[in-house]
Amino acid sequence: AQKVTQAQTEISVVEKEDVTLDCVYETRDTTYYLFWYKQPPSGELVFLIRRNSFDEQNEISGRYSWNFQKSTSSFNFTITASQVVDSAVYFCALSEALYGGATNKLIFGTGTLLAVQP
Amino acid sequence: GAVVSQHPSWVICKSGTSVKIECRSLDFQATTMFWYRQFPKQSLMLMATSNEGSKATYEQGVEKDKFLINHASLTLSTLTVTSAHPEDSSFYICSARDIQGNRNTEAFFGQGTRLTVV
C-alpha cells in the first residue's frame, strides 16, 4: 500500500530563517512520482515539484530546494530565507507512475502548516 | 501548467438539495479526471476517478449514489452531491489526465469548490 507521512503538523519560524519540511513515503512500486504542493488560505493547490523515482538528483528553484533520498524513502523540502508569504499548508504526495509517464491518483500526506512570523 | 477550471468556487445550499460541481480541462482533452475531497484542516482524499464515456470508479467508503459523477466529454466532468447534508460540507477539488498521458497534467488542480450545507 502507498502511504505518505508528514510528521510535522505545524512549524513556526521567524522571517529569514531556513525551514525544512519532512516527507517520508511508502510504496511497493518501483516507478513512482513524488510531489510537493502549497495550499494558501484561499484553498487552491499550487504545484511546486514532481520528481520521478529514478531521478535522485536534488533540485533547487530559487529559495526552494528538495532532497530526495530513496535509501530513506524521504523527499524533504527546504525553504531558505523564509518569508511571510510562504505561510501556508504544504502537502507531500505520491503517485504510481503509469506507462508513458502519466500518473495515477495522488496519495497525500496530512500536510504541514508553516507559519512565518515577521 | 495545464489549466483545469472548476465551477463554482463556492456554494451554499440547503440541506436536502443537490449541488453540481463542474471540472473542465481548458487547454487539453482529458479521458480521466480525479475528484478529491478535503475536510477542514485535513488532507485531500481521492473520492473517485472519472472516465470519459464510462462509469466512474469510486474509492472505498464513497457512496456512488450520493456523489454522482458524469464525464460526458473529453473536457468536462461533473460531480453532483445529491441530497446534501451538513456533513457533506467540504472542499472539493479536481485534476485531469491529458489524453496523451505524458504532460503531467494530473499534477495540476482546479481552484476547488467550497461547499457549505446549511
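Presented here is a report on the structure given in the accompanying data block. These figures come from a predicted structure and were not determined experimentally.

Comments concerning the pattern of salt bridges
Residues and elements named next belong to chain A. Under the criterion given, the structure shown has six salt bridges over all chains. With a shortest N-O distance of 3.7 Å, D55 and R51 are connected by a salt bridge. The exposure class of D55 is partly exposed, given its relative accessible area of 29%. Between E59 and R51 there is a salt bridge, with its nearest N and O atoms 2.3 Å apart.

Section: the environment of V81 of chain B
Residue and element names in this part refer to chain B. Among the structural elements, V81 can be located in strand β8 (residues 76-81). With relative accessibility at 0%, the residue V81 sits in the buried group. Note: C-alpha distance between V81 and G16 (65 residues apart in sequence) is 9.9 Å. Sequence-distant contacts of V81, that is, excluding residues within four places in its chain, are made with T17, S18, V19, K66, F67, D88 and L115.

Considerations on the environment of E15 of chain A
Note on placement: E15 of chain A falls in the loop between β2 (10-14) and β3 (19-21). Along the primary structure E15 of chain A and Q117 of chain A are separated by 102 residues, whereas in three dimensions their C-alpha atoms are 5.7 Å apart.

A look at the packing of aromatic side chains
All names here are of chain A. A complete count under the given rule lists 19 aromatic pairs over all chains for this structure. Pairing Y64 with F77 gives two aromatic rings, centres 5.1 Å apart and planes at 85 degrees, and the pair type is edge-to-face. With Y64 in strand β8 (residues 64-69) and F77 in strand β9 (residues 74-79), this residue pair connects regions lying 13 residues apart in the sequence. Classification of F77 as buried rests on a relative accessible area of 0%. Above the face of the Y33 ring, R50 is positioned so that its terminal group lies 3.8 Å from the ring centre.

Some remarks on unusual backbone geometry
All names here are of chain B. At the junction of H7 and P8, the peptide bond is cis and its omega measures out at 0 degrees in the coordinates. For P8, the location among the structural elements is in the loop between β1 (4-7) and β2 (10-13). In this model, K41 sits at a positive phi of 60 degrees, which is unusual for a non-glycine residue. Structurally, the position occupied by K41 is in the loop between β4 (30-38) and β5 (44-51).

Here's the deal with the side chain of T78 of chain A
All names here are of chain A. Following the sequence through the fold, T78 ends up in strand β9. Polar side-chain contacts of T78 include one of 2.8 Å to the side chain of T20. Not counting residues within four places of it along the chain, the set of residues in contact with T78 comprises V19, T20, R63, Y64 and S65.

Digging into the side chain of R51 of chain A
Residues and elements named next belong to chain A. Structurally, the position occupied by R51 is in strand β6 (residues 46-52). Classification of R51 by relative accessible area gives buried; the value is 4%. Those residues in contact with R51 that lie beyond four places of it in its chain are Y32, Y33, L34, E56, Q57, N58, E59, F68 and F75.

Things to note about the state of the cysteines
All names here are of chain B. Throughout the structure, instances matching the rule amount to two disulfides over all chains. Each sulfur in the disulfide pair C23 and C94 lies 2.0 Å from the other. Its torsion about the S-S bond being 90 degrees, the disulfide of C23 and C94 is classed as right-handed. Residue C23 is found in strand β3 (residues 19-25), and its partner C94 is found in strand β9 (residues 90-98); the two are separated by 71 residues along the sequence.

Concerning the interface of chain A and chain B
In this complex, chain A contributes 21 residues to the contact, which on the side of chain B involves 20 residues. Of the roughly 1500 Å² buried between chain A and chain B, counting both surfaces, carbon and sulfur atoms make up 56%. Taken as a group, L45, K105 and F108 of chain A account for 29% of the area that chain A buries against chain B, more than any other trio of residues on that side. Inspection of the chain A/chain B interface yields one salt bridge. K105 of chain A is paired through a salt bridge with E59 of chain B; the nearest N and O atoms lie 3.0 Å apart. Elements supplying a minimum of two residues to the side of chain A that touches chain B: β5 (32-39), β6 and β11 (103-108) of chain A. For the side of chain A that touches chain B, the element with the highest residue contribution is β11 of chain A, accounting for five residues. Broken down by class, the residue content of the side of chain A that touches chain B amounts to nine nonpolar, nine polar and three charged.

What counts, and where the lines are drawn
Residues numbered from 1 in each chain as written. Chains lettered and ligands numbered in written order. Predicted model: local features only at pLDDT ≥ 70, side-chain atom pairs only at ≥ 80, totals over all residues. Heavy atoms only, no water. Salt bridge = Lys/Arg side-chain N within 4 Å of Asp/Glu carboxyl O. Buried < 20%, exposed > 50% of the residue type's maximum accessible area, 1.4 Å probe, protein only. Helix = DSSP H or I, 4+ residues; strand = E, 2+ residues; numbered from the N terminus. Contact = heavy atoms within 4.5 Å. Phe/Tyr/Trp six-rings, centres within 6.5 Å; stacked < 30°, edge-to-face > 60°. Lys NZ or Arg CZ within 6 Å of the ring centre and 35° of its normal. Polar contact = N/O pair within 3.5 Å; in protein donor to acceptor, adjacent residues only side chain to side chain. Disulfide = S-S within 2.5 Å. Buried area = accessible area lost by both parts, 1.4 Å probe. Nonpolar A, V, L, I, M, F, W, Y, C, P; charged D, E, K, R; others polar.

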